[in-house]
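What the coordinates show
What follows is each chain in one-letter form.
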Amino acid sequence: MKKNLIRSYVAIFVATLSVVACTKKEDNSNKILLGEYGSMTGEVANFGQSTHKGITLAQEQYNAAGGFNGKQVEVKLYDDQSKPEEAANTVTKLITQDNVVAVIGEVASSLSLVAADVAMRNKTPMLSPSSTNPDVTKKGEYIFRICFIDPFQGEVMAKFAGQNLHAKTAAIFRDVKQDYSVGLADFFKKAFEAHGGKILIDTAYQSKDSDFKAQLTEIKAKNPDVIFIPGYYNDVGLIAQQARSIGIKQPLLGGDGWDSQDLVKVGGAALENTYFSDHYAPDTTEPTAVKFIASYKAKYGNETPDAMAALGYDAFFVMMDAIKRAKSVSREDIKNALAQTKDFQGVTGKTTINAERNAVKSAVVLVVKDGKPKYFATVEP
Amino acid sequence: MTEFIQHIVNGLSFGAIYALIALGYTMVYGILQFINFAHGDIFMIGAYIGYYAGNALGLNDHPSIWGFFVVLLLSMVTSGVIGFLVEFLAYRPLRKAPRINVLITAVGVSLFFEFGAQMLFGANPKAFPHLVDVSKSFYIGGVQIDSMELVVFTVTILLMLALEFVLYRTKVGKAMRAVSHDHNVALLLGIPVNMIISITFVLGSAMAAAAGILVGMSYPKLEPLMGVMFGLKAFVAAVFGGIGNVRGAVVGALIMGVSEQLIVSYGVPTFRDAFAFALLIVVLIFRPKGLFGKTLAEKV
Amino acid sequence: MEKVLELKDVSVHFGGIKCVQHVNLHLNRGEILALIGPNGAGKTTIFNVITGIYQPTMGSAEVGGQPIAGLKTHQITALGLARTFQNIRLFKDLSVRDNILIAMDRTAPSSMVASILRTRSFLAREVKKNTAVDELLEIFSLQHIDEETEAKNLPYGVQRRLEIARAIATGARTLLLDEPAAGMNGNETESLMETIRFIRKRFDLSILLIEHDMRLVMGISERVAVLEYGKKIAEGNPKEVQNDPNVIRAYLGTE
Amino acid sequence: MSVTQKSYFTWSIAIFLGVLFSEVLYPGLNGYYQGILMVAGVNIMLATSLTLINGFTGQFSLGHAGFMAVGGYTCASLTIYLLPKLGLSPLGIGFFYAAALIAGGIVSGICGYLVGLPSLRLKGDYLAIVTLGFGEIIRVIFLNVDAIGGARGLTGIQNFTNQRWIVACTLICCFIMFRILGTNQGRGMQAVREDEVAAEAMGVNTTSTKVGAFVMSSFFAGVTGGLYAHYYGYLNPSTFGFMKSFEVIVIIVLGGLGSVSGSILAAIALTILPEALRPLQEITKVDFRMILYSLVLILFMLLKPNGLLGRHEISYYWKKFRRSKT
């Protein structure tokens, strides 16, 4: 009995050691290996999965077109489970174990921030498709992004509320549990007040709450012109429904966190007369985007790609574009090439990387009409 | 003032749902003296069964009151069976084991459901189908009462009355009360203790499933982890009312629902969850038996 | 004579149930007093009052001349009083030695820092305690048991002996024994009586015991008190009590 | 050899191995393995410290992550807000960091005291819920305090934690946990676990024993939190949810409730195992690890409730093994 116990321990150890020993550093001389880390499970899994679909599609198209100088491009994916420490672990593994030349990832800024530290320490370029928190690229010269940042997004919605909706007053309903929401709410507030508007009430909820009536009743009593809800789609649907049910008729505004198929599924008709800023419009007529949407639908069972998928797709091509321009396929040269990305035409518009390693690009505002988000306006930087 | 009454009404309807879940906790605790951590997850499963049943019956496009009852019944029965299985497979073998082992098992079962559901149903939220048309609202002196809230009140009260009937007017109920008093004596009296415990689990799980359906209809967003907070808060409500006491659980749950609503509207909205736990700690320290419970001294 | 233990007009009520009513009782230094009575007479309740597990509804108790109202059980133990339990409450998963050591720790505790650093004084104390344990093991003829044996795996009679040894290890001079001979056969009871007599001398003990085994009660106790329905109905030396009409009625019925 | 000499001998070997590891072996590994080993160290500290409450004392805490958070945030706030104002030399910074770690531990220990207090009146399930509630309250408070980042998390924490800190802290933590065994403190805790009423009757102050266990356990959880913060350089309230506590519980249940060496082994195994399972996860595309964990937990409770090593240390089995041979 006890002997077995000791034996089993020895067995576990030998087994784990051999597993560890077998996975030695990869030899990648006959292919280009990129790393991707994302939330395949956990709180923001939806975003991670969409991004991955976009990247996979891009990778397949790229390889089908001949690859890079005859070499195939592979993307190694790890799930970070939406946890910061897992993000750090997986990126470490990608860089030090799998020996990737560059890393693509994360949607959630809190995860990108942690991984950025790792990438900086290991001098490996990291390209975030959709982290909008300004702090991410401030981590250092190896960290890039191809999406606009929250201050811009806040500005866009504040400007939009003032100019297009003629709003003088606004209410903010933020999700204190999400760093994204808190950040965006702050930037909107700043911008809206800078444009002469007034924030009447700034109240909060926590994602996964199911009852918002108490806060909404407060908001309703203040009677603002618009209500800004910079949350994620899964809560926004419920919020919109409850807002409409207690008689709030004002337009609801939001950010790119709203972008998901599931938004309308939960929110339904309550989402009419709502606007949100996004990276691209699914009903766009821009040729690159149209082609992307068609091939995406073909691959994924007629599913309309959301912005995360589009950005994932673009991130891959921006990365390959940089690798092509780089002097050699080394981390250092790819970093330099990424920094010089200029007017890259992607699904989400023209991307130019500026000195802060952020993308300078336009945002679109979508309106929900007849149960579908539709293009409403473009806001240039 | 109208606003205040409005908050009370909303709070009561929320509390009614807590009450349905709290009943399961309190009944199981009364009979086995342990917290069934997995109870909140049964609630979640009940909601998901409602989702699939409602969609299968095509109720989303053709809402009907009968469809609602069919879905409700189906979900309650299936969840009851799941509750029975959980008790039979995970808890019954541990009847004589130290309580800490049962507790760890319960935590394990709870997590198994939560992550199993993520795998089975997907981690993304699902939109609950419309079972009945509940878009109408009524106004009484400026206070708005949604027809959904009326549905919640009606169903809760009916189920509560049914449970009262079972507990106090039937032989099974009498046996349950006997078992909760003393297992061994009940056994000596010829009461099939194991069967009674199973029935308790089935009843509690069915109540939780009903709550799941009601939550699905009121807040049509289902996710695998939805049972955690609901479950914990319902548990707090049960403790608040005096665990093991059925009526206490209901009163505790209603107070809980209302006070949460008031915290959100007049206090700091984001401290809603923290409030529940703070309440629990305060109750346990100053009045561990809750509002209506009785304490039992340990036999030495 | 010095009273090591005294109950003054103690009553204990649970809700409407009066378990103990106006009981006066005392234990003299060096004496063995037996508390007898039918089941449910309130004997164990009295033990629980003395050890601070229950608070008396009325009246007071004193240990070594000091009132124990409001004291916690371990504080009463510190006054030099220890007990055994009717339904044996050993530390089931711990070894025989650890069971006794835990009780003995009270007599020579080390600070947390000393314990972790294994200071000289800590080691000295441990050695001292272990020697004392050795002696107790021998007295209760437990010395031949494998020290790693968990208490729950011991035979019933041995468990009873171990529990008494553990109580003495607290350094108590007053011992409360709750049915020490329950479940023992004649020979075991005989040797238990032997042991009790011996430890009384060796450790200078005063003993209050609850027992149903009349041979043991009559054999070793100097005085006997009889409880019925929470009331003390008789008290005196074993001979007197045996012939007391109230006691005969209580045990045999009213006929 | 006497008992003490033997103990010194064992610990000198442990220290030697620790130094060998941090100075020779570790620098030679690639970053991935280094990362795993750092996490293993953190998990060992969490597990052994929780063993004190859940294993030795037989109480049930579900709030270990909460204590970790308190320590982590305290320690990180000190190094972020106070350290730059002092203008210390590199050596001074090292001392400051050590002090900050201890400060984090102390604040966390105070929280442990506050949580331990209700435990005097609560048993088993109730205590579990209260500790769980404590963890949640802590999380909500951190979420709402902007000065420490709120939901955005606390960034800008310097990466002070290197393998030396982890090795040293892990060794100290394990040393203390092992040394508590076989003292009046350790035996008192075990007595409380076995039978509270009897323990009290035998003169064990169960109140101070339980609170003491809570304070000490949360102290080490707090120190671990500090190390964790300065390893990842980032803190987020959502990290310290119930799941984190649960992971630690799985470790100690698996290792054997009440066995320090079992906790250590299980902590190492359960740090490596998920990494080893990563390739499997790539195939299935789902994170089934938590399902596996919960199943393992249930099965262990049903079939082998005392975990792999039960309540004994590994030395106990070694002795038995030796004895059975002779």
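Residues numbered from 1 in each chain as written. Chains lettered and ligands numbered in written order. Predicted model: local features only at pLDDT ≥ 70, side-chain atom pairs only at ≥ 80, totals over all residues. Heavy atoms only, no water.

A separate point is the overall build of chain A. Scanning chain A from N- to C-terminus turns up 12 helices and 15 strands. Taking 381 residues into account, the globule formula puts the C-alpha radius of gyration at 21 Å, and chain A, at 22 Å, falls close to it. Judged by the C-alpha coordinates and their principal axes, chain A covers about 70 × 60 × 40 Å. Across the 381 residues that make up chain A, the buried fraction comes to 63%. (Helix = DSSP H or I, 4+ residues; strand = E, 2+ residues; numbered from the N terminus. Rg over C-alpha atoms; globule rule 2.2 N^0.38 Å. Buried < 20%, exposed > 50% of the residue type's maximum accessible area, 1.4 Å probe, protein only.)

Before going further, it helps to spend a moment on the interface of chain A and chain B. The partner chain B presents 23 residues to the 28 residues of chain A that form the contact. Around 2300 Å² of area is buried between chain A and chain B when both sides are counted, 50% of it from carbon and sulfur atoms. Looking at the side of chain A facing chain B, the largest losses of area belong to K208, D211 and K213 of chain A, adding up to 21% of the total buried there. At the junction of chain A with chain B, the criterion picks out five salt bridges. The partner of K213 of chain A in a salt bridge is E149 of chain B, and the shortest N-O contact between them spans 3.6 Å. Our count for the chain A to chain B interface comes out at eight residue pairs in polar contact (both at pLDDT 80 or more). (Contact = heavy atoms within 4.5 Å. Buried area = accessible area lost by both parts, 1.4 Å probe. Salt bridge = Lys/Arg side-chain N within 4 Å of Asp/Glu carboxyl O. Polar contact = N/O pair within 3.5 Å; in protein donor to acceptor, adjacent residues only side chain to side chain.)

On to the pattern of salt bridges. Residue and element names in this part refer to chain C. By the definition in use, this model includes 54 salt bridges over all chains. Note that E6 and K3 form a salt bridge whose closest N and O atoms lie 3.5 Å from each other. Relative accessible area serves as the criterion here: at 36%, K3 is assigned to the partly exposed category. In this structure, the salt-bridge partner of K152 is E150, at a minimum N-O distance of 3.8 Å. Judged by relative accessible area, K152 falls into the partly exposed class, the value being 43%.

Time to look at the pairing of strand 1 (residues 3-14) of chain C. All names here are of chain C. Relative to strand 2 (residues 17-28), strand 1 runs antiparallel, the two being bridged by eight bridges. Note that in strand 2 the partner of H13 across the bridge is K18. Taken together, strand 1 and the strand that follows it, strand 2, pair antiparallel across an intervening segment of two residues, in which G15 is found at a positive phi of about 60 degrees. The sheet contact formed by strand 1 and strand 4 (residues 58-63) spans five bridges and is antiparallel. (Pairing = 2+ DSSP bridges.)

Attention now moves to the environment of G237 of chain A. As for its position among the elements, G237 of chain A is in helix 8 (residues 233-245). Along the backbone, G237 of chain A and G267 of chain A are 30 residues apart, and their C-alpha atoms lie at a distance of 3.7 Å.

With that settled, the discussion passes to the domain arrangement of chain A. Residue and element names in this part refer to chain A. Here chain A is described as being made up of domain 1 (31-148 + 285-362) and domain 2 (150-278). Contacts between domain 1 and domain 2 engage 16 residues on the former and 18 residues on the latter. In total, domain 1 and domain 2 occlude about 1400 Å² of area from one another, counting both sides; carbon and sulfur atoms represent 53% of this. When the buried area of domain 1 at its contact with domain 2 is split by residue, F47, T132 and F148 rank highest and sum to 36% of it. Counting across the interface, domain 1 meets domain 2 through zero salt bridges. Across the contact surface, domain 1 and domain 2 share six residue pairs in polar contact (both at pLDDT 80 or more). Those elements giving two or more residues to the side of domain 1 that touches domain 2 turn out to be helix 2 (45-64), helix 4 (109-121) and helix 11 (307-325). Split into classes, the residues belonging to the side of domain 1 that touches domain 2 amount to six nonpolar, seven polar and three charged. (Domains from an automatic or database assignment. Nonpolar A, V, L, I, M, F, W, Y, C, P; charged D, E, K, R; others polar.)

On to the packing of aromatic side chains, then. The full count for this structure, using the stated rule, is 52 aromatic pairs over all chains. Linked through ring pairs, Y62, F292, Y296, Y300, Y313, F316 and F317 of chain A together constitute an aromatic cluster. Taking the ring centre of Y300 of chain A as reference, the NZ or CZ of K53 of chain A above it sits at 5.5 Å. Between R247 of chain B and the ring centre of Y168 of chain B, over which it is positioned, the NZ or CZ distance is 5.3 Å. (Phe/Tyr/Trp six-rings, centres within 6.5 Å; stacked < 30°, edge-to-face > 60°. Lys NZ or Arg CZ within 6 Å of the ring centre and 35° of its normal.)

Residues and elements named next belong to chain C. In the contact formed by helix 3 (residues 96-104) and helix 5 (residues 120-139), the axes pass within 10 Å of each other and the chain directions differ by 120 degrees. With respect to each other, helix 3 and helix 5 are oriented oblique. The hand of the helix 3/helix 5 crossing is right-handed. Packed against helix 3, whose contacting residues are V96, R97, I100, L101 and M104, the element helix 5 presents K129, N130, A132, V133, D134, L136 and L137 at the interface. (Axes fitted to C-alpha atoms, helices over the stretch in contact; angles between N-to-C directions. Parallel < 35°, antiparallel > 145°, perpendicular 65-115°, else oblique. Left-handed = near helix turned anticlockwise from the far one by under 90°.)

The next thing to look at is a nonpolar patch on the surface. A contiguous nonpolar surface patch, about 630 Å² in accessible area, is contributed by L73, V77, V81, F84, L85, F88 and L89 of chain B. Judged by its relative accessible area of 32%, F84 of chain B is partly exposed. (Patch = residues over 30% accessible without salt bridge, like charges linked within 9 Å, V, L, I, M, F, W, Y side chains within 5 Å. Areas by Shrake-Rupley, 256 points an atom, 1.4 Å probe, with all protein chains shown as cover.)

Looking now at the interface of chain B and chain D. Contacts between the two partners involve 41 residues from chain B, matched on the other side by 39 residues from chain D. Each partner contributes to the roughly 3500 Å² buried at the junction of chain B and chain D, and carbon and sulfur atoms together form 82% of this total. One can count zero salt bridges joining chain B with chain D. Here chain B and chain D share two residue pairs in polar contact (both at pLDDT 80 or more) between them. The leading source of residues in the side of chain B that touches chain D is helix 4 (residues 99-121) of chain B, at 15 residues.

Let us look at a positive patch on the surface. Residues and elements named next belong to chain A. A contiguous patch of positive charge on the surface is contributed by K297, K369, K372 and K374. By the element assignment, K372 lies in strand 15 (residues 372-379). For K372, a relative accessible area of 54% corresponds to the exposed category. (Lys, Arg positive; Asp, Glu negative; His and termini not counted. Charge placed at Lys NZ, Arg CZ, Asp CG, Glu CD.)

In this section: the pairing of strand 10 (residues 231-236) of chain C. Residues and elements named next belong to chain C. Note: strand 9 (residues 223-228) against strand 10, five bridges, orientation antiparallel. Looking at the pairing, E228 lines up with K231 of strand 10. Between strand 9 and strand 10, which pair antiparallel and follow one another directly, the connecting turn spans two residues, one of which, Y229, has a positive phi of 50 degrees.

What follows deals with the sheet that holds strand 10 (residues 274-278) of chain A. Residue and element names in this part refer to chain A. If you trace the seven strands from one edge of the open sheet to the other, you get 7-6-8-9-10-14-15, paired in mixed fashion. Among the strands making up the open sheet, the edge pair consists of strand 7 (198-205) and strand 15. Pairs of neighbouring strands in the sheet enclose a mean axial angle of 25 degrees, with direction left out of account. One ladder, built from three bridges, connects strand 6 (residues 169-175) with strand 8 (residues 226-228); its direction is parallel. Counted as the bridge partner of A171 is I227 from strand 8. Lying over the sheet, helix 6 (residues 179-194) contacts strand 6, strand 7 and strand 8, oriented at roughly 165 degrees with respect to strand 6.

Fine structural detail should not be taken from predicted coordinates in areas where pLDDT scores are low. Residues and elements named next belong to chain D. On average, residues of chain D score 88 in pLDDT, and 95% of them are at 70 or above. Of all the helices and strands in chain D, helix 1 (residues 3-28) carries the lowest mean pLDDT, 80, while helix 3 (residues 64-86) carries the highest, 95. Interface confidence for the predicted complex, given as ipTM, is 0.85, next to a pTM of 0.88. (pLDDT = per-residue confidence, 0-100.)

Moving on, we get to unusual backbone geometry. One non-glycine residue with positive phi stands out, namely N223 of chain A, at about 50 degrees. By secondary structure assignment, the location of N223 of chain A is in the loop between helix 7 (213-222) and strand 8.

For the rest of this paragraph, the subject is helix 5 (residues 147-169) of chain B. End to end, helix 5 of chain B covers 32 Å across 23 residues, agreeing with the expected 33 Å (1.5 Å per residue, within 8%). Listing the buried residues of helix 5 of chain B in full gives S147, M148, E149, V151, V152, V155, T156, L159, M160, L163 and L167 of chain B. (Expected span 1.5 Å × (residues − 1).)

Another point: the sheet that holds strand 4 of chain C. Pairing between the strands of a sheet comes from backbone hydrogen bonds, and it takes one of two forms, parallel or antiparallel. Residues and elements named next belong to chain C. Pairing is antiparallel across the open sheet formed by four strands, whose spatial order is 2-1-4-5. Where the open sheet ends on each side, the last strands, each with one partner, are strand 2 and strand 5 (66-67). Taken strand by strand, helix 1 (residues 43-50) contacts strand 1, strand 2 and strand 4, and its axis lies near 115 degrees from that of strand 1.

Moving on, we get to the state of the cysteines. Residues and elements named next belong to chain D. A full pass over the atoms with the stated rule returns zero disulfides over all chains. As a non-bridged cysteine, C111 has C75 as the owner of its nearest cysteine sulfur, 15 Å distant. Accessibility expressed as a relative area gives 15% for C111, which makes it buried. Between C173, a cysteine without a disulfide, and C174, which holds the nearest cysteine sulfur, the sulfur-to-sulfur distance is 5.6 Å. Residue classification places C173 among the buried positions, given a relative accessible area of 0%. (Disulfide = S-S within 2.5 Å.)

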